[in-house]
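Descriptive structure summary
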Amino acid sequence: MQADIPTTALLASNITVEFAGLRALDGVTIVINPGEILGLIGPNGSGKTTLINAITGQVPLATGQVTVAGDVMPLSAPRTVALSGVGRTFQIVRLFDQLTVSENVETAALAKGIKRKDARKIATEILQEFGMLSRAETIAANLNYGDKRRVEIARALAATPKFLLLDEPAAGMNESESQMLCKQLLELPKQRNLGILIIDHDMPLISRLCDRVHVIASGKTIAAGLIENVRKDPAVIEAYLGSSARQDA
Amino acid sequence: MTELIQFVIDVLALGGAYALMALGLVIVYGILKLVNFAYGELIMVAGYTLFLMDGTGLPWLVMAAVAVLMSIFFGVATDYVAFRPVRAKSVTAVLITSFAFSTILQNAALLFISPRARNIPLPDVFSTTVTIGGAVTPLRNLLTIAATIVMLTLFTWLMRRSILGIAMRAAATNFTMARMLGVPANLIISSAFAISGLLAGVVSLFWLGRIGSVVPGIGLEPLLVAFIATVIGGMRSVPGAVLGGFLLALIDTSLNHILPQDLLKFRDAFTFSFVILILLWKPDGLIKGPASGQRT
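All values reported here derive from a predicted model rather than from experimental measurement. Along each chain, residue indices are assigned from 1 in the same order as the chain's sequence is written. Working convention: letters from A go to chains and numbers from 1 go to ligands, in the order in which they are written. With pLDDT at 70 or above as the cut-off, local features in this predicted model cover only qualifying residues; side-chain atom pairs require 80 or more to be listed or tallied, and sums for whole chains, interfaces and linings still use all residues. Each side-chain value is derived from all of the structure's non-hydrogen atoms; neither hydrogens nor water enter the calculation.

Section: the overall build of chain B
When helices and strands are tallied, chain B shows eleven helices and four strands. Counting only residues that meet the buried cut, chain B has 54% of its 296 residues in that class. The Shrake-Rupley method, run with a 1.4 Å probe, gives the accessible areas here. Residue values count only the displayed protein chains as cover. Of the accessible surface of chain B, which amounts to about 12900 Å², a share of 70% is contributed by carbon and sulfur atoms. Within this scheme the basic residues Lys and Arg register as positive and the acidic residues Asp and Glu register as negative, but His and the chain ends are omitted. All charge positions are set by atom: Lys at NZ, Arg at CZ, Asp at CG, Glu at CD. Charge-centre separation for chain B: the mean point of 18 positive side chains lies 16 Å from the mean point of 11 negative side chains. Counting from the N terminus, the helices are DSSP H or I runs at least four residues long and the strands are E runs at least two residues long. Buried, partly exposed and exposed residues are distinguished by accessible area as a fraction of the type maximum, computed with a 1.4 Å probe on protein chains only: under 20%, between the cut-offs, and over 50%, respectively.

Take a look at the structure:
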C-alpha cells in the first residue's frame, strides 16, 4: 500500500479493464477514505460505472488490484468484496422485485450472517431513517422509482458496509426527493464512519455532497482533488464541464 | 354424488403428486433458469433404495426415510456432477450434462440391478381401501393428499419465514444481485437441489406405491408430468407449478371419466391438446413469475 494512504481506506490501484480489446479503464487509481464522500465524475462512456464494477469484482481486471481496509481482494469475487464491507447501488435499480421492501433490506443483513430477528431490526431502523418504514411490507415491484432508489441504498446499508458506491443515486428523482436524499447521504459518513463514492451528472448535487472529486475521461484519470480546484482544471473543463464552465469562468 | 367424491379425491391425490413434482423442478429452474432433466431419476433412486432394503427387516418408515435421503443425496449430486462444472457456460452444455447424468443413472440401474421391474416393499396401509360418502378409494390416495398438504405447508413456511427461503427467493428474482450482496451462491443452489430431491423422494413413495415396482426408466413419466405442469403454471412461478400440477391432474382425471373406452388410449393426445390450448391463451403460463433474470 502506498505510504500516504490510510490502511482503513479503499484503494483501487492501477485499474485497467478491457472488453474485447477495447480499453474501458486505463490505469485508474482511486482512494476512498472512511468518513468522506468522494465524487466520481466524467462524460458519458468515460468508464465511471465500469470502475465501480471493477472495484466490486464484477468485471475482470486486466491490471491492478483492489484493497479494502488493508485486505487485498481476490479477482472477480463479488461476494468476497461485499462481505469485506463494500456495498453498492446501480444506475438502473436492481431490487428483488417479488420480495417486500423489508425482505429486500433484510437480505443484505442475512447475507452477512446476521440472525433473522436482528436483520429485521436492522431493516426497520434503516427504513425508518429513509422514511420508508410505512412501506416495509409493500412488494418492491409496486414502489415508485424514487422509493426504489431509497430502498436500494437502504439495502446496501443493511450489510453495514465500510464503503458505499452509489451509481447515480438521484437519477429519476424530482427536485425535492433529490434534496431529501442529499440530506440523508450527508449524514451517513459521520453516523457510520462510512466512505462513499458517488457518481452523478448533477454537478450541484456533487458540489453539495463532496469535498473531493475524481474525474475520468476515456477511461483515464484526468484530475482529482478538491472540487474548487478541479473545476478550474483545463483538462476537466475541456473533457467534462465544457462550455458551461468556461462561461462561468 | 359418490362419483363426484371419487373424482375429487382422484384429482386431489394425482394433482398433489403432480404439484410436488412440478415444485421440485421449478425451484431449481427459478434460480438457475435451467431445467434439471435428471430430475425423474430421483424417483428411480428412491425406488431402487426401497428395493435394495427389502428383506432387511427394517420398519417400512425407516426404509422410506432412507429412500427420501438418497433422493436428496442424488439431487445434490446432480448439482455437483451435472450443473456446477458447466453452469457458467452455455445452456446447451447444461442440457447435455443433465441428460448425461440421467442416462448414467439409468444405465447404472440396468447394469448393476436389472432391466426388469423389481418389486418394492410397501406397507399394508397402501393396499387398504376406505369408503368416503359411498366412494371406495385407496387409503394411499388420502395419504398422498395429506402428504401434499404437509409438504406445501412446510415449503411455504420455508420460503416465507426461513433465512434460506428469503435468500432463495432473492436469488430466484435476481441471482447476480443476490451474489453481489454476499448471498452464498453455491449453498443456495445446492439447497434448491436438496429441496428438489426431498420433494421427488416424498412423491416417489406414492408414485411407486401405485405401481408397486421400479424399472430403470421409471423417471421419464414423472419428469414429463412435472415439466408440463410447470409450463402450464408458469416456469418461474412457484404457485404456478402447484396450480399447473392440479390442473393437469384435473384434465387427466376428467378425461379418464369422460372418454369412451375405445378413446382412452388417446388420453395423452387429448391432454396435450388442452395444454396447447392453455399455452395459446397464456404463452407464459397461468401465473407469471419474476422476470427472467440473468443465469448464474
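Observations regarding the interface of chain B and chain A
Contacts were defined at the residue level, with two residues in contact if any of their heavy atoms lie within 4.5 Å. With 18 residues of chain B in contact, the opposing surface of chain A contributes 21 residues. Summed over both partners, the accessible area lost on bringing two parts together, with a 1.4 Å probe, is the buried area. Surface buried jointly by chain B and chain A totals about 1800 Å² across both partners, of which 70% is contributed by carbon and sulfur atoms. The three residues of chain B that bury the most area against chain A are I166(B), M180(B) and L181(B), which together make up 34% of that side's buried surface. Only one rule defines a salt bridge in this text: a Lys or Arg side-chain nitrogen within 4 Å of an Asp or Glu carboxyl oxygen. Across the chain B-chain A interface, the total number found is one salt bridge. Of all the elements in the fold, those that place two or more residues in the side of chain B that touches chain A are helix 5 (139-161), helix 6 (163-173) and helix 7 (175-181) of chain B. Note on residue classes: Ala, Val, Leu, Ile, Met, Phe, Trp, Tyr, Cys and Pro are nonpolar, Asp, Glu, Lys and Arg are charged, and everything else, Gly too, is polar. For the side of chain B that touches chain A, the residue count by class is ten nonpolar, four polar and four charged.

Concerning the sheet that holds strand 6 (residues 86-88) of chain A
Residues and elements named next belong to chain A. Paired strands, in this sense, are two strands between which DSSP finds at least two bridges. If you trace the six strands from one edge of the open sheet to the other, you get 6-7-8-3-9-10, paired in mixed fashion. Of all strands in the sheet, those bounded by a partner on one side alone are strand 6 and strand 10 (220-226). Here the strands of the sheet are splayed against their neighbours by 20° on average, with no regard to which way each runs. Of the strand pairs in this sheet, strand 7 (residues 163-167) and strand 8 (residues 195-199) are connected by five bridges, and their pairing is parallel. Following the sheet pairing, F163 is matched in strand 8 by G195. For helices, the fitted axis covers only the stretch in contact; all axes are lines through C-alpha atoms, and the angles between them, taken along N-to-C directions, range from 0 to 180 degrees.

As for the packing of helix 5 (residues 145-158) of chain A against helix 6 (residues 175-192) of chain A
Relative placement of two packed helices is described by the angle separating their axes and the distance separating the axes. Residue and element names in this part refer to chain A. The interhelical angle for the contact between helix 5 and helix 6, taken along N-to-C directions, is 5°, at an axis separation of 11 Å. Relative to helix 6, helix 5 is oriented roughly parallel. Contacts from G146, R150, I153 and L157 in helix 5 reach E177, L181, Q184, L188 and R192 in helix 6. Each residue belonging to the contact of helix 5 with helix 6 can be placed in one class, and the counts come to four nonpolar, two polar and three charged. Should an angle lie under 35 degrees it is considered roughly parallel, over 145 roughly antiparallel, and from 65 to 115 roughly perpendicular; all remaining angles are considered oblique.

Interpretation in functional terms is not warranted from these geometric data alone.
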